[in-house]
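# Working through the structure, step by step
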Amino acid sequence: MRSHRTLLLLTVLMTPTALAAAPAPADLHLGGPAFAALAAESYRRAGLDGAFADWLNAAYLRTGRLLGNGKTLTAALEARHAQVLAASGTRRDRLALDTAAWAHAFVKAAIPRFSLERGYEFASVPAYGERQCLLQSTIIAALLQRAGLDAGLVMVWKSQTGQESNLGHVTSVVRVSSGDVQVDASEPTPTATHRGLLAWVDGGWRFVTPVFRGDVMTAYTRTDGKGRVPAAGLTFLNLAYVRSQYDYYRAERTVGGVLGTGSGHATPAGLTTSEALLRRSLREEPRNALAAGVLGTVLRKQGRLDAARTQYRAAAALYRAQGHLPPGMTANLTWADSTGGRPASMTDRTGPV
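Nothing here was measured: the structure is a model prediction, and the numbers come from that model.

It is worth spelling out the packing of helix α5 (residues 89-110) against helix α7 (residues 133-146) at this point. Put simply, α5 and α7 touch, their axes get as near as 10 Å, and they point 140° apart. What the angle tells us is that α5 and α7 run oblique. When the axes of α5 and α7 are compared, the crossing they make is right-handed. Here T99, A100, W102, A103, H104, F106 and V107 of α5 lie close against α7, whose contacting residues are Q136, I139, I140, L143 and L144.

Our next topic: the environment of P33. Here P33 shows up in helix α2 (residues 33-46). Using a relative accessible area of 67% as the deciding quantity, one classes P33 as exposed. Distance from P33 to F236, taken between C-alpha atoms, is 18 Å for residues 203 residues apart in sequence.

The end-to-end C-alpha distance of helix α8 (residues 239-252), which contains 14 residues, comes to 20 Å, matching closely the 20 Å that a straight helix rising 1.5 Å per residue would cover. Across the 14 residues that make up α8, a large majority, eleven, are buried. Those residues of α8 that sit buried are Y241, V242, S244, Q245, Y246, D247, Y248, Y249, R250, A251 and E252.

This paragraph deals with the environment of G31. If you trace the backbone, G31 turns up in the loop between α1 (2-13) and α2. In the structure, G31 is positioned 160 residues away from T191 in sequence and 25 Å away in space, judged by C-alpha atoms.

The rules behind these values
Residues numbered from 1 in each chain as written. Predicted model: local features only at pLDDT ≥ 70, side-chain atom pairs only at ≥ 80, totals over all residues. Heavy atoms only, no water. Axes fitted to C-alpha atoms, helices over the stretch in contact; angles between N-to-C directions. Helix = DSSP H or I, 4+ residues; strand = E, 2+ residues; numbered from the N terminus. Parallel < 35°, antiparallel > 145°, perpendicular 65-115°, else oblique. Left-handed = near helix turned anticlockwise from the far one by under 90°. Contact = heavy atoms within 4.5 Å. Buried < 20%, exposed > 50% of the residue type's maximum accessible area, 1.4 Å probe, protein only. Expected span 1.5 Å × (residues − 1).

This is the structure:
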């Protein structure tokens, strides 16, 4: 019954009517309710008191990475916001790029260590000084938006060197008059040129290839061969997708979960937690193809092979609708469509994600 509901939901979600309207990009500005709620949820899960915004304000003073003449983070961002509002054309673009470069340097200085295992949690910042791509991009977008700039997040599936992943990275983006610029604290320089992104284009989440002029993305070509849109035709991730990704990473990095984090292998309890978090991730954004595919792997590792096959097929339908089927998902689909019902061996259960 659950598999039937999943397939029915996917059918409804992929109809032209359901995909017509672009969602509002996530409003993550520092001091706003969405940013505060994301941070508070992380603190709550960690049993940590306080507010992340307070930590960030203190870090601004501690690092000495000042924006303009602002003596506090709030004052600096308010002053920059006023400058942005008063500017236009190339002057506004210079302010945008200067602010992006400052945010890149500030985040790297304030949170010096990168950690895949814990760095997605706001609570890992005061506790361990750690960050990861989703968290650092959220913070950069929050700073840029508070400064009055058009900024947001996108998923990355192909790196600057052309290496493909299964939506394995997130970067922030700031919009200037000539297009979009990636701002990625995983890179040594403020601007990045990742070659494959996922964002909202032409009525749905789409895999796209940016068209670059220098560091600026002036347009996006759909990977499904169905045309190209100007930079303004791309919408950044909405809040539902951002929330979904936080829960995805919690599922991925659960101790004893799908990756065997902390124990070196998956455990029944860990897999149960991974499953619950992935289902929460999909409730928040049912078209999160990455979460849908990894849920299939959790079910497979639990030995629920029929459910895993159904889930893999549903995830593959999402990827195809969005324009690209990653190699790992292709391998999972091949397994799902294979004949026979023998139980998966331990090798089978650790197949591609």
